[in-house]
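What follows is the residue order along each chain.
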Amino acid sequence: MSQNKQRLSWLEMLKVNQRAYLLFYKRYPRMILSRFALIIWKALTPYVGIYFSALIIEELAGAKNPGRIHFLVLLTLFLIAAGSLVTALLEKWKNVQSAGMWLKIKKILSEKLFETDYVNLDETKNMELYSAICQNHNSAGWGLYRTLEDCEALCQTVIVILGGASLTLSLFTSQVPESAGKYTILNNPLFVILIALIMLAVTCISPVLAGKAGRYLTSLADIHNLGNRMFSYYGHLGYDTKKAADMRIYRQDKICEKYNLNKESTFGSRGVFARYQKGPVGFYLAGASAVSGIFTGIAYVFVCLKAWAGAFGLGTVTRYVASITRVYGGISTLITTMEDMRSNAAFLNMVFEFLDIPDHMYQGSLTVEKRNDRKYEVEFRNVSFQYSGSQEYALKDVNIKFEIGKKLAVVGMNGSGKTTFIKLLCRLYDPTEGEILLNGIDIRKYNYREYMTIFSVVFQDFKLFSLPLGENVAARTNYDRELVTEALEKAGFKQRLAKMPHGLSTCLYKEYTESGVSISGGEAQKIAIARALYKNAPFIILDEPTASLDPVAEAEIYEKFAEIVGDRTAIYISHRLSSCKFCDKIAVFHHGTIVQTGTHQSLLTDQTGIYHTLWQAQAQYYT
Ligand code: ADP
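Nothing here was measured: the structure is a model prediction, and the numbers come from that model. (Residues numbered from 1 in each chain as written. Predicted model: local features only at pLDDT ≥ 70, side-chain atom pairs only at ≥ 80, totals over all residues. Heavy atoms only, no water.)

Enquirer: Before we go on, may I ask you to explain the domain arrangement of the chain in this structure?
Expert: For interface size, the figure often reported is the accessible area lost on association. In terms of domain boundaries, the chain breaks down into domain 1 (10–174 + 312–355), domain 2 (369–454 + 553–623) and domain 3 (462–536). Taking only C-alpha atoms into account, the centre of domain 1 sits 48 Å from that of domain 3. (Domains from an automatic or database assignment.)

Enquirer: What am I meant to see in the nonpolar core here?
Expert: General note: in soluble globular proteins, nonpolar side chains tend to be found buried as a group. Within the largest apolar cluster, 49 residues are counted, with the highest numbers of intra-cluster contacts made by Leu469, Leu488 and Ile527. Of the residues forming this core, the biggest block, 8 residues, is contributed by helix 21 (residues 521–535). Split by domain, this core shows at least three residues from each of two domains, domain 2 (369–454 + 553–623) and domain 3 (462–536). Setting aside residues up to four positions removed in sequence, Ile527 forms contacts with Leu464, Leu469, Val473, Leu488, Phe493, Leu508 and Ile519. Membership of the second largest hydrophobic core comes to 36 residues, among which are Tyr21, Leu109, Tyr130 and Ile133. (Core = buried A, V, L, I, M, F, W, Y, C linked by side-chain atoms within 4.5 Å. Buried < 20%, exposed > 50% of the residue type's maximum accessible area, 1.4 Å probe, protein only. Helix = DSSP H or I, 4+ residues; strand = E, 2+ residues; numbered from the N terminus. Contact = heavy atoms within 4.5 Å.)

Enquirer: What am I meant to see in the environment of Phe302 here?
Expert: In this fold, Phe302 is placed in helix 14 (residues 280–308). Residues Phe302 and Leu186, spaced 116 residues apart in sequence, show a C-alpha to C-alpha distance of 8.8 Å. If we ignore the near neighbours within four places in the chain, the residues touching Phe302 are Leu171, Phe172, Leu186, Phe191, Ile195 and Met199.

Enquirer: Sorry if this is basic, but what is going on with the pairing of strand 3 (residues 407–412) here?
Expert: The buried fraction of strand 3 is high, at 6 of 6 residues. Here strand 3 shows a buried face lined by Lys407, Ala409 and Val411 and a second buried face lined by Leu408, Val410 and Gly412. Looking at chain direction, strand 3 and strand 8 (residues 569–573) are connected through 4 bridges and run parallel. The residue bridging Leu408 from the neighbouring strand is Ile571, located in strand 8. Here 5 bridges tie strand 3 to strand 9 (residues 585–590), and the two strands are oriented parallel to one another. Residue pairing in the sheet places Val411 in a bridge with Val588 of strand 9. (Pairing = 2+ DSSP bridges.)

Here you go:
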């Protein structure tokens with residue numbers, strides 16, 4: 001995806017940065033306050049040193065009063081020490097408040113992913129946008145992180161400039177005595193303005209050159225991100241144990257080097273970045289540093305000439321040079337920061353484009369009635385559904401009522417609409433036409449989280465986490481150990497549980513701990529079933545629940561199916577028709593419609609029906 005990085009106007013830049021900053025402030029006010037307090041403090045304290053050291057030198061060069069020198073030195077030392085103590089305290093406060101800054105930013109983005117309509121996650125452009133934002137963030141903090149740094153730098157710089165300017169002003173207004181002869185030209189207002197303008201011009205050239213170099217680099221952000229992605233992929237292959245066998249057999253490390261390590265690759269010595277560094281970027285950066293040397297030279301000559309001609313004393317020379325250099329540094333930083341904010345504004349726009357992705361699903365507020373008898377009646381009425389961007393109907397005119405406490409099998413060929421049917425039932429999508437009713441009310445009118453409490457689902461592509469077994473089953477850290485054990489036993493995991501080194505506290509997988517255990521696909525499926533049982537919802541939906549199980553484990557699940565589901569309403573999706581025999585009713589899907597319903601025996605009698613055809617096709621393998 002090409003990123004939206006056109007340069008924004010200054011006004012747009014200010015608006016988008018302000019929005020980002022307010023977003024931070026709203027979520028993490030103490031962090032923002034602590035950071036600002038430190039910045040303001042740090043910007044002000046150096047002037048204490050500058051001011052008092054000038055007084056001391058002035059005294060040394062002039063009246064040399066030992067008592068006053070003594071007093072000034074002690075006062076300066078005391079103020080500097082006290083200032084450092086306050087800095088350390090503010091630093092500590094800021095560090096505590098800013099801990100996990102990158103996670104905080106990630107949280108803002110991932111919350112959007114968790115909260116947004118499920119359908120938005122299907123859109124490739126949304127996921128590409130998210131990926132680009134993360135890449136920008138990881139590569140150089142572009143986006144939200146830069147806003148924090150830039151806004152703070154801006155604030156600090158303004159203070160530095162104001163402070164420096166107030167100490168420097170008298171450099172331009174102080175008069176050389178008439179006795180200084182030709183040096184009295186230093187009093188000429190036109191001369192003073194000229195010098196000030198030259199200094200200002202030199203001050204501006206340096207950051208403009210640095211900004212040009214920076215702009216080259218931001219224009220390469222797409223290439224940078226691609227390079228980073230390739231590095232993350234090819235650079236970490238050795239760490240990916242699943243690929244280790246193939247890597248050895250085919251020596252794939254060699255081919256990967258081509259994309260990651262050779263000189264022409266993005267970050268290689270002959271790659272695009274190195275070429276830019278040797279060429280325009282290097283040139284502009286060198287120019288920027290050279291200009292800063294010129295400024296210091298002019299400042300010294302001007303200050304020393306005025307001192308030489310008698311406009312002020314020797315002590316004041318250090319004060320003026322220090323403060324004018326700070327003004328110079330401040331203005332440079334101000335221009336560089338504004339440039340940076342403008343470049344970053346395009347990245348921020350991407351962040352807000354993502355955070356502003358609209359949600360269209362209607363959010364109802366009805367609560368779902370709590371019923372101990374689990375009598376929740378769900379009905380599909382004339383439901384049709386099209387995936388966004390697709391011309392075809394994935395479901396067409398589906399009508400079905402789930403019988404409370406009964407087991408319904410949903411069968412059909414691949415692509416016939418079974419999973420879509422379940423996703424609509426769980427309100428991951430809303431029907432394009434028709435409605436789904438819970439106890440006679442359109443499910444859209446219920447609060448979504450409440451509605452989800454009545455379903456337990458084991459999706460075909462379920463996921464477990466690298467967490468302790470018990471937490472995986474309960475989906476929370478505080479759980480009822482007895483109930484989790486019971487759910488695992490019901491799902492056929494009893495023997496394996498007995499072998500787990502730390503019981504329910506055993507961590508699954510080895511990503512984060514050596515003591516984690518590896519589990520097979522079949523074992524994972526049993527844990528996923530246990531998770532569905534622990535939730536103890538009135539509906540249990542199993543999508544191909546035995547796909548990863550060996551024949552013995554599969555038979556075990558079938559045998560125990562009635563016990564597993566208990567009095568829940570169960571929906572069981574399977575390719576294997578033999579496994580549907582124990583269900584009360586079977587619904588046969590074909591091209592998105594329910595073409596047949598009935599029991600196994602009744603469906604078999606219709607020899608022209610799809611069920612019969614499917615059964616015949618599979619029977620040859622099972623009989
Ligand atoms: P089944 O579970 O029976 O294999 P699905 O419900 O997964 O069938 O798919 C039904 C139809 O919807 C298929 O034609 C499939 O290609 C299409 N489909 C499924 N998911 C999506 C999606 N996210 N976007 C577009 N089309 C999809």
